[in-house]
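The chain contents come next:
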Amino acid sequence: MFRMTRYIKSLMNPAPVRPVPKPAGPVVIWNLIRRCNLTCKHCYSISADVDFKGELSTDEVYTVMDDLKDFGVPVLILSGGEPLMRPDIFDISHRAKAMGFYVGLSTNGTLITEENIGQIAEAGYDYVGISIDGLEQTHDEFRQKKGAFAASMKAVELCKKAGIKVGLRFTLTQDNFPQLPDMLKLLDEHDIDKFYLSHLNYSGRGGRNRKRDAWYDMTREAMTLLFDHCHDELQRGIEREYVTGNNDADGPFLLQWAEEHYPDQVAALKQRLTYWGGNASGVNISNIDNLGEVHPDTFWWDYNLGNVRNKPFSRIWSEANDPLMVGFRQSPRPVKGRCADCRYLSICNGNTRVRAYNISRDYWEEDPGCYLTNEEIGVIDMPRRVAAPVTEIPVHNL
Ligand SMILES: C[S@@+](CC[C@H](N)C(=O)[O-])C[C@H]1O[C@@H](n2cnc3c(N)ncnc32)[C@H](O)[C@@H]1O
Ligand code: SF4
């Protein structure tokens, strides 16, 4: 996760650069249920409105939570499928909060109603993230459900009214790229606390539909718009949080933005970004799926490290010595192609390995989602070995 607001603020209000302390255990994104009332075109968990057998029981979840706490896991992001379809979601959430975890709820929002908003507020989530992937028609097509946009925006309002910190999560594709300026207006109109731009990752249905990924030029335009917008809001005293995920080239791209806008602060920003360290899969990010399988992150559901029913998460995570996890923990990671020669490798850490693997079948190939040019990354005469398989449509202008 790339905390854009934090870095833009550091450009505007320079302060001494210090290493970011890393918690003992990783952040755990926990897909407690795979069932979902929607069937989104990009869904990495290939969720649908059917019952998936063999999911962890409430007691099993509690046993895992005790181990995660002892292991020093600071954050639980409760996800799915649609986590609000789990009948025990509020019991799990209350227990997680009582144990002292930072608890986030990752939801499509369509099941948040006047009836359950009280329970959601009482659960005490530190943050509720609601997915919105475009304006009404685009969102409903993407999420394959008419009325989804209206229901999710109603959920945003209910959360705001109940005093819950709420954010929109927007996965960028060719289809919703032209609507990004309108999405930013929505933030203002509804006084939304946070905006998370998620780049498309090629796994599950997101792998099958990867041709709808944004072009490099689109991604660059989207990111520049976001930097400018965040900067403008900060100048006006608006402290909304902007974060991005699934493309660690966002760090170097901000560094280039800073070269233009804050040339005196470039060295300090570079140091801060190096401390951040880019992609954290298998190190500071982990995933447990609905069946208890542990993965290096949410997008590696085809790659199992072990099952919490057979071995505690803490042991699975510390004892993992398979080739992918060994590579994740290596510094620098054993990446190839343009990633290997990139002058920003110590900032982005080789970006997103799932995309590289989805296209090339090699964990360590260059990431086809990197939107930086050869000139920017400091490599000469190196054609892309793995290119993003995007559908060719005319580039929209924002
Ligand atoms: C799997 S969903 C589960 C929570 C809830 N059902 C929802 O849609 O918000 C978690 C988040 O991952 C995002 N997501 C799903 N597949 C993705 C992909 N292939 N690439 C990037 N983000 C993805 C969704 O848009 C959502 O914001
Ligand atoms: S992205 Fe979320 S809402 Fe969409 S199908 Fe997957 S789990 Fe359901």
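Given the structure is predicted, the values throughout are model-derived calculations rather than measurements.

The next subject is unusual backbone geometry. Omega for the peptide link from G80 to G81 comes to 25°, which places this bond in the cis form. Checked against the element boundaries, G81 lands in the loop between β2 (75-79) and α3 (89-98). Between S331 and P332 the backbone carries a cis peptide bond, its omega angle lying at -5°. With respect to the secondary-structure elements, P332 resides in the loop between α13 (323-328) and α14 (337-341). Phi at D191 takes a positive value of approximately 50°, unusual for a residue other than glycine. Here D191 is to be found in the loop between α7 (180-189) and β6 (194-199).

Turning our eyes to something else, we now look at the UniProt feature "domain: Radical SAM core" (unreviewed entry) in the chain. Following the UniProt record, one finds the feature "domain: Radical SAM core" (unreviewed entry) at residues 22-239. Measuring from the first to the last C-alpha atom of residues 22-239 gives 25 Å, for a span that is 39% helix and 16% strand.

Taken together, 20 residues lie around ligand 1, and Y44, S131, R169, N201 and G206 are the ones closest in. Within the shell around ligand 1, the residues separate by chemical class into 4 nonpolar, 14 polar and 2 charged.

This next bit is on helix α16 (residues 353-360). Across the 8 residues of α16, 7 count as buried, placing the element largely inside the fold. Looking at the buried residues of α16, the elements they touch are α8 (205-208). Phi for R361, located one or two positions after α16, is positive at around 65°.

With that settled, consider the pairing of strand β3 (residues 102-107). By the criterion of burial, β3 is predominantly enclosed, with 5 of the 6 residues buried. Bridging between β2 and β3 involves 4 bridges; their strand directions are parallel. Among the inter-strand pairings, I77 is bridged to a residue of β3, identified as G104. Traced from β2 through α3 to β3, the parallel crossover comes out right-handed. With 4 bridges connecting them, β3 and strand β4 (residues 127-131) associate as parallel partners. Within β4, the residue paired with S106 across the bridge is G129.

Moving on, we come to the packing of helix α2 (residues 58-70) against α3. In contact at an axis separation of 11 Å, α2 and α3 are set at 20° when each is read in the N-to-C sense. Overall, the two elements α2 and α3 adopt an arrangement that is roughly parallel. For the element pair α2 and α3, the recorded crossing hand is right-handed. From α2, T58, V61, Y62 and M65 reach across to α3, where they touch D91, I92, R95 and A96. Its residues assigned to classes, the contact of α2 with α3 shows 5 nonpolar, 1 polar and 2 charged.

Across the sheet, which stays open at both edges, the 10 strands sit in the order β7-β6-β5-β4-β3-β2-β1-β8-β9-β10 with mixed pairing between neighbours. At either end of the open sheet lies a strand with only one pairing partner, and these are β7 (241-245) and β10 (306-307).

Rules of the game
- Residues numbered from 1 in each chain as written.
- Chains lettered and ligands numbered in written order.
- Predicted model: local features only at pLDDT ≥ 70, side-chain atom pairs only at ≥ 80, totals over all residues.
- Helix = DSSP H or I, 4+ residues; strand = E, 2+ residues; numbered from the N terminus.
- UniProt positions renumbered as here; feature names shortened; annotations may be inferred.
- Near = placed C-beta within 6 Å.
- Nonpolar A, V, L, I, M, F, W, Y, C, P; charged D, E, K, R; others polar.
- Buried ≥ 20, exposed ≤ 12 C-beta atoms within 10 Å, placed from the backbone.
- Contact = placed C-beta atoms within 7 Å.
- Pairing = 2+ DSSP bridges.
- Right-handed = clockwise from strand over helix to strand, strands pointing away.
- Axes fitted to C-alpha atoms, helices over the stretch in contact; angles between N-to-C directions.
- Parallel < 35°, antiparallel > 145°, perpendicular 65-115°, else oblique.
- Left-handed = near helix turned anticlockwise from the far one by under 90°.

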